[in-house]
Amino acid sequence: MTAIHIKSLTKKFDETIAVDNIDLQINAGELFFLLGPSGCGKTTLLRMLAGFIEPNSGTVMFGDRDVTHIPPNKRNTGMVFQSYALWPHMTVAQNVEYGLKVRKMPANERRAKVLEALGVVHMEHLADRKPNQLSGGQQQRVALSRAIVVQPDVLLLDEPLSNLDAKLRLEMRCEIRKVCTTLGITTVYVTHDQKEALSIADRLAILKDGKIQQVGTPREVYQAPVSKFVAEFIGETNFIPVTAKDGLLETPFGPLHAAKKVDGTSCVCSIRPEAIQVKSSPAAINSFTGTCLETIYLGEVAQHKVKVKGDLELRVMESNPSNVGKIGQTMHLYVEPTDVIPLNS
């Protein structure tokens, strides 16, 4: 297994800095996600790892090997593109075999390797079909099989599920996770889909304007964002203006206890909708009331919009709702101190 070390990596296109002096370490065998909005630099970074784009400065190391200026065909990477990029005139088996032929592997060895790689993604029974005879999900499995058949040191995935419908995306998330874990390949996966990243990543990096904003496990980044940008990008949240005073956070609707202490006086805090609990009566601390403006009942959850003092509207997600909120109804709300996340920016 191969670790990836990125040091001071920068890429400019004319006056635009696409990747801005990035330092990053990806552990051997890790399924690592690059996540961010369009134009944040995640695809440019991935393509520099692949060797398709030359950096202006900085280094890329695969283990102890400096690959910064090595061409793509010498890096031993496998890549899965958003568009699948399958040869339409070739069969499934011939598509998967292509990389092995380029590497001049003997024909008798190639067939066994192709069937083995197709078996990993459960596609060996369709080896003789053409790509246009396959569904989108099947084509994506072939593209993944073609990438892993060469036994790459690093597997690179560029938004591989964006062309699939919702049901297939869910299926392929599990499939990709299983393949990468089983084979132990260091994998870098680019997406803008937060649910995709949260559901299968070992760790992830959030990018904005060519810079890394935060690196951590999905749970760390979701539960302890370091900035307003990260909190808002990686899920829904409520931003509440607060002033730190005597160990408490003063809000327009009353004081809140937070597990994390704040440096400075004025900031905001982030509270996830699912962290706000609906109670039958007020709690001792971190309790406040509001008026229900809107409720959407979805069976296992109810989504409320609640107006509290200070003319603030909070989004509240109630799990296993026992009493569907009614417009105009007073709601008693509570939040755990660990779910109140102060942010300075």
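Note that the structure is a prediction, hence the values are computed from the model and not measured.

Thresholds applied
- Residue positions within a chain follow its written sequence, with the count starting from 1.
- Confidence filtering applies because this is a predicted model: local features only for residues at pLDDT of at least 70, side-chain atom pairs given and counted only at 80 or more, and all residues used for totals across whole chains, interfaces and linings.
- Side-chain metrics in this entry use all non-hydrogen atoms of the structure; hydrogen atoms and water are not considered.
- The way it works is that DSSP assigns letters per residue, a run of H or I at least four long becomes a helix, a run of E at least two long becomes a strand, and they are numbered from the N terminus.
- Where accessible areas are quoted, they stem from the Shrake-Rupley method and a 1.4 Å probe; at the residue level, only the protein chains shown are allowed to cover.
- Note that His is not counted, nor are the chain ends; the positive residues are Lys and Arg, and the negative ones are Asp and Glu.
- Working definition for charges: the position is that of NZ of Lys, CZ of Arg, CG of Asp or CD of Glu.
- Only strands joined by at least two bridges in the DSSP assignment are considered to pair.
- Whether two residues touch is decided by their heavy atoms; if any such pair falls within 4.5 Å, the residues are in contact.
- A fitted line through C-alpha atoms represents every axis, and for helices the fit uses only the stretch in contact; the resulting angles, taken between N-to-C directions, go from 0 to 180 degrees.
- Aromatic contacts are taken between Phe, Tyr and Trp rings whose centres are within 6.5 Å, Trp giving its six-membered ring; a plane angle under 30 degrees counts as stacked, one over 60 as edge-to-face, and the others as tilted.
- A 1.4 Å probe rolled over the protein chains alone gives each residue an accessible area, and that area as a share of the maximum for its type sets the label: buried under 20%, exposed over 50%, partly exposed in between.
- Two conditions define a charge sitting above a ring: the NZ of Lys or the CZ of Arg must be within 6 Å of the ring centre, and it must be within 35 degrees of the ring normal.
- Only buried Ala, Val, Leu, Ile, Met, Phe, Trp, Tyr and Cys residues count toward a nonpolar core, and they belong to the same one when joined by side-chain atoms within 4.5 Å.

1. Digging into the overall build of the chain
And step 1. When its secondary structure is counted, the chain shows eight helices and 20 strands.
And step 2. Dimensions of the chain, computed from C-alpha atoms along their principal axes, come out at roughly 75 × 45 × 35 Å.
And step 3. Carbon and sulfur atoms provide 50% of the accessible area of the chain, an area that totals close to 16700 Å².
And step 4. Mean positive and mean negative side-chain charge positions of the chain (39 and 37 charges, respectively) differ by 3 Å.

2. Quick word on the sheet that holds strand β5 (residues 65-66)
And step 1. The sheet built from four strands is open, its strands ordered β2-β1-β4-β5 with antiparallel pairing. Looking at the sheet topology across the chains shown, the edges are occupied by β2 (16-26) and β5.
And step 2. In terms of strand pairing, strand β1 (residues 4-13) meets strand β4 (residues 57-62) through five bridges, oriented antiparallel. Of the residues in β4, the one forming a bridge with H5 is M61.
And step 3. Along the sheet, helix α1 (residues 42-50) contacts β1, β2 and β4; its crossing angle with β1, the most-contacted strand, is approximately 120 degrees.

3. A word on the packing of aromatic side chains
And step 1. The full count for this structure, using the stated rule, is five aromatic pairs.
And step 2. Geometrically, the ring pair formed by W87 and Y98 is tilted, given 5.9 Å between the ring centres and 50 degrees between the ring planes. Of the two residues, W87 sits in the loop between β6 (77-80) and α2 (92-102) while Y98 sits in helix α2, which places them eleven residues apart along the sequence.
And step 3. A relative accessible area of 38% places W87 in the partly exposed class.
And step 4. Take Y98: its relative accessible area is 38%, and that puts it in the partly exposed class.
And step 5. Here the aromatic rings of F229 and F233 are separated by 5.8 Å at their centres, their planes lie at 15 degrees, and the arrangement is stacked. Of this pair, F229 and F233 both sit in helix α8 (residues 228-233), separated by four residues, roughly a single helical turn.
And step 6. The positively charged end of K11 is found above the aromatic ring belonging to F13, 5.3 Å away from the centroid.
And step 7. The lysine or arginine in question, R272, covers the ring of Y222, its NZ or CZ lying 4.0 Å from the ring centre.

4. Points about the nonpolar core
And step 1. Core analysis: the largest hydrophobic core is formed by 44 residues, its most contacted members being F33, L144, L155, I176, Y189 and I206.
And step 2. For this core, the leading source of residues is helix α4 (residues 136-148), giving five residues.
And step 3. When near neighbours in sequence (up to four residues on either side) are disregarded, L155 contacts G78, V80, L144, A147, I148, C180, I185, T186, T187 and V188.
And step 4. With 26 residues, the next largest nonpolar core counts I4, C40, I53 and M79 among its residues.

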